[in-house]
Amino acid sequence: MRSPKCRKGHLRFDTGRRRERRRLLATTAIVAFSSFALVPATTVSAQQTTSRVGNARSFDIPSQPLSTALNAFGRQSGLQVTLAASTSQGLRSAKVSGTMTADQALARLLSGTGISHRISGGTALVGSAVLAGGGGAVAADGATVLDPISAFGAGPLGAGEIVISSEDLKRKNPANIADVFSGEPGISVGSSLPMSQKVYVHGIEETSLAVTMDGGRQNNKVFHHNGTNLIDPGLLKAVNVDAGVAPADAGPGALAGAISYETIDARDLLDGDGFGGFVTSSYNFNSNTVTTGLSAYGMRDGLEFLGYFNFGTGNDFTAGNGQEVQGTSTDLLSGLGKLAYEFDSGDRFEISHDSIRDDAPRPFRANMGSTTGSKPWEPRIRDYTLERGNTVFTYTDSTPEGWWDPTLLLAYSKTEVEVPVYPKPAPGIPVSYQGVGASDSFNGKFENKFSFDIGNVIAGIDFYDDEAKLRDLFDPGSEKARNVGLYAQARLEPFERTRLSFGARGDNQRFTGTTGQTWNNSGFSGNVSGEYDLVEDLLTAKAGYSHVWAGIPLAENFIINPNWDYGNGPKPVTADNYILGLEANYNGFTVEGSVFQTDLDDARTPRYAVARGIEAHDVRSRGFEIGGGYNWGDGYFKVKYANIDVEIDGKPADSDLGTYLATPAGQIITLQAVHTLTDWGVTFGADAEIALDYDDVAAGSKPLQGYEVFNAFVEYVPPQRPNLTLRAELKNVFDETYSDRATYGQEFGQVTPLYEPGRSFILTARATF
């Protein structure tokens, strides 16, 4: 509601320039696709031989009973696994360790068993006929391969763990970070604008989670009207979420869990030496938005490179009520570059840089449509420029031996927001001036994985040097924090049907306030979680607990006050997380449920006033999730339900007091259904999100209205041209007028929240070479 100090230069509307850029983008897309249409079929066939069956990722699966090993493979690969019922009886897997594709890892795991496998459409078929038709196929070593009889999912995930794999991302074809987390009712993303979207896990805002991009820490608490982490989903190959309980090696500050974003690599797209590329373009008829992405990549004698460039431009979108939502146009530019070299010894060095820039007129407060609380001299729309960059250097050993399996990572990330500030008119005061907020982090870690027959232990040291800075005409200032942590995390399977993960970390932080005062604090964090197969390959129980010490969080840039009274200093934030769940898998059916609670103590949320620099609140999120589904090989159906209650200082949360803390959640239902007609190359699906009315709101606030949103898509990959993908989507089929449950201000009568787009027809084409 109240907006302390909104800042930047002059308002501008370059409509002519934007029109020219849209024409250029459309022309570029047409030329690119015309070129690909001329690619000979022989070239396509050659390219197929170098396409990967799955993503290269790190595997660590000890030799163990085969059924348990396949569970571990499913968890680590993100694939569904289908297994003939009697195939694994009495067999042990081979050990798998190192970085490789899922197909290579599964082949190693099954070596010596005589069991065949195939990976197709996000599912690993183990003990199934490779050729069409019934009967037993014959494996390479002459053993009979059984037809598939029973199926289980990707193996039970850890307590509170959510994996969004590359196959999930391909199916979702996400346009923004909200699309990435669609289908997960426990994860909400507020705002319809990518530049002001914030992720909430069980109602807790993402700044209370350890968020990394390719392992690099993200310190992006810049402006409460902006998003925390602006990410182009076209860069991503996988997202891992630990909701609540997170391991010690997830990094410091994992108060309510962790989110790990991984970007694509050349070896995810090629199988061995070679070169390739892709072009993708989409058109959204609701806002006349064109988005085009181009990529080139290659591998040769240990050298790998990848370049990706994406740009989009478009107009304001129309909401379900038929009204244009001002300040929602698209002007986006993003890119990713990676260079790596792997020596014959297995030593691998990689450097990557990703960046994104959003530069367009936005609502004056970009996380809401409008408010009657605006000052009379404030314009309705102002120009925001948001830039985020992340550079990461890593060293790993892709052929580890014995107890030596090191990882060295150094990273630098920065987010900067520039907005016009309109101070109260007064003699000698400019009408507007530029305000710039920037948060950056230099961080890194060195760790080693010690592998045993029953699992592994990862131990290491990490650090960060963070700064939140405001460049302002009247009140410039900054806060800083430096932290060094020691940690160890064990992941063991000490007994059949039992998996344990436990760890601890100790952190020492030096916090420097805007006044130059410093405080040194130290704390301890610990976690333990486990899974036990009550009935092997059928029913799994899981539980977890963590206590987290996170030091003192930096303030948001745009409310920094150089005159804050810190008193005896801000208190370090701590948290306790609890989760308990069950998961059942049988013949392709899955049923799961969990109960959880997160308690944040002394969560710092300062405001601009001198006396409010150390303001803090206690937050509690608790609730339960249940879900079920069925996977029939060529498709699946899923339904999930979450019921989440969030309190701040013992009272129902609201989105204003909960800035950088939490948001009201309530009851959310999601449904997903997808089916592939393999012979025809056609995949079609639909999904829905249903939010129930929520009236457990703070005193004086209005209840949150429920909504029902349905989406559908059809995708075609021509069997004779598998390098081409055509997709049509219909979002918000019934033209619902609504705001996402996590969008700011819905409970306040004086706020018009940002509505989501109304019915939107989107066409997408992608060609690879």
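Treat the numbers as computed from the prediction; the structure is a model and nothing was measured.

Calculation criteria
Residues numbered from 1 in each chain as written. Predicted model: local features only at pLDDT ≥ 70, side-chain atom pairs only at ≥ 80, totals over all residues. Heavy atoms only, no water. Helix = DSSP H or I, 4+ residues; strand = E, 2+ residues; numbered from the N terminus. Buried < 20%, exposed > 50% of the residue type's maximum accessible area, 1.4 Å probe, protein only. Contact = heavy atoms within 4.5 Å. Pairing = 2+ DSSP bridges. Core = buried A, V, L, I, M, F, W, Y, C linked by side-chain atoms within 4.5 Å. Phe/Tyr/Trp six-rings, centres within 6.5 Å; stacked < 30°, edge-to-face > 60°. Axes fitted to C-alpha atoms, helices over the stretch in contact; angles between N-to-C directions. Parallel < 35°, antiparallel > 145°, perpendicular 65-115°, else oblique. Nonpolar A, V, L, I, M, F, W, Y, C, P; charged D, E, K, R; others polar. Salt bridge = Lys/Arg side-chain N within 4 Å of Asp/Glu carboxyl O. pLDDT = per-residue confidence, 0-100.

### Some remarks on the overall build of the protein
Logical step 1: Summing up its helical and strand segments, the protein has six helices and 41 strands in all.
Logical step 2: Within the span of the protein, comprising 769 residues, buried residues form 59% of the whole.
Logical step 3: Within the protein, counting contacts between residues at least 6 apart in sequence, those at least 24 apart form 66% of the total.

### Focus: the sheet that holds strand 9 (residues 161-164)
Logical step 1: What the five strands build is an open sheet, ordered 9-15-16-13-14; its pairing is mixed. Two strands bound the open sheet, and with one partner strand each, they are strand 9 and strand 14 (216-217).
Logical step 2: Pairing geometry for strand 9 and strand 15 (residues 236-243), over four bridges, is antiparallel. Paired with Ile162 across the strands is Val241, a residue of strand 15.

### Comments concerning the nonpolar core
Logical step 1: If you look at the biggest cluster of nonpolar residues, it comprises 53 residues, and the most contacted ones within it are Phe181, Val199, Val239, Ile259 and Tyr261.
Logical step 2: Look past the residues within four positions of Phe181 in its chain and what remains in contact with it is Ile164, Lys172, Ile187, Val189, Val199, Val239, Val241, Ile259 and Tyr261.
Logical step 3: By size, the runner-up hydrophobic cluster in this structure holds 20 residues, among which are Ile61, Leu106, Ala124 and Val126.

### Things to note about the environment of Leu554
Logical step 1: Mapped onto the elements, Leu554 comes out in the loop between strand 30 (539-549) and strand 31 (574-586).
Logical step 2: According to the relative accessible area criterion, Leu554 is buried, its value standing at 9%.
Logical step 3: In this structure the C-alpha to C-alpha distance between Leu554 and Pro606, which are 52 residues apart in sequence, comes to 9.3 Å.

### Topic: the pairing of strand 31
Logical step 1: In the sheet, strand 30 pairs with strand 31 via eleven bridges, with the strands oriented antiparallel. In the strand pairing of strand 31, His547 is matched with Asp576.
Logical step 2: Two strands pair when backbone bridges link them, and strand 31 and strand 32 (residues 589-604) are joined in this way by 13 bridges, in the antiparallel orientation. Counted as the bridge partner of Asn585 is Thr590 from strand 32.
Logical step 3: What sits between strand 31 and strand 32 in their antiparallel hairpin is a turn of two residues, with Asn587 showing a positive phi close to 50°.

### A few points about the side chain of Thr683
Logical step 1: Tracing the sequence through the fold places Thr683 in strand 37 (residues 682-691).
Logical step 2: Residues contacting Thr683, with those up to four places away along its chain left out, are Val674, His675, Thr676, Phe713, Val714 and Glu715.

### Details of the packing of aromatic side chains
Logical step 1: Applying the stated criterion to the full structure yields 29 aromatic pairs.
Logical step 2: Aromatic pair Phe275 and Phe305: ring centres 6.2 Å apart, planes at 40°, arrangement tilted. With Phe275 in strand 17 (residues 274-284) and Phe305 in strand 19 (residues 303-314), this pair connects stretches of sequence that are 30 residues apart.
Logical step 3: Here Phe275 falls in the exposed class, since its relative accessible area comes to 51%.

### Notes on the packing of helix 3 (residues 66-77) against helix 4 (residues 102-110)
Think of two packed helices as two axes; the pair is described by the angle between the axes and how far apart they sit.
Logical step 1: Contact pair helix 3 / helix 4: the axes reach a minimum separation of 11 Å and the direction vectors enclose 170°. Put simply, helix 3 runs roughly antiparallel to helix 4. Contact residues: helix 3 offers Leu66, Ala69, Leu70, Phe73 and Ser77, while helix 4 offers Ala102, Ala105, Leu106, Leu109 and Leu110.
Logical step 2: Across the contact of helix 3 with helix 4, the residue classes tally to nine nonpolar, one polar and no charged.

### Some words on the pattern of salt bridges
Logical step 1: Overall, the coordinates contain 35 salt bridges when judged by the stated rule.
Logical step 2: Arg357 is the partner of Asp359 in a salt bridge, and the nearest nitrogen-oxygen pair spans 3.3 Å.
Logical step 3: On the accessibility criterion, Asp359 (8% relative accessible area) is buried.
Logical step 4: One salt bridge connects Arg612 with Glu615, and the closest N-O pair in it is separated by 2.6 Å.
Logical step 5: Glu615 gets classed as buried once you look at its relative accessible area, which sits at 19%.
Logical step 6: Each of Asp179, Glu715, Arg727, Glu729 and Lys731 takes part in salt bridges that share partners, so that together they form one network.

### Some details on the confidence of the model for the protein
Logical step 1: The share of residues in the protein with pLDDT of 70 or more is 87%, and the mean pLDDT across the chain is 86.
Logical step 2: The low-confidence segment residues 1-54, where pLDDT is below 50, has 123 contacts with residues more than four positions distant or belonging to other chains.
Logical step 3: Here residues 128-156 is a poorly scored stretch, pLDDT under 50, and it has 82 contacts once near neighbours within four places are set aside; other chains count.

### Observations concerning unusual backbone geometry
Logical step 1: In this structure, His202 is a non-glycine residue whose phi angle is positive, near 55°.
Logical step 2: Tracing the sequence through the fold places His202 in the loop between strand 11 (198-201) and strand 12 (204-205).
Logical step 3: The residue Asp214 is not glycine, and still its phi comes out positive at about 55°.
Logical step 4: The topology assignment puts Asp214 in the loop between strand 13 (210-213) and strand 14.
Logical step 5: On the accessibility criterion, Asp214 (17% relative accessible area) is buried.

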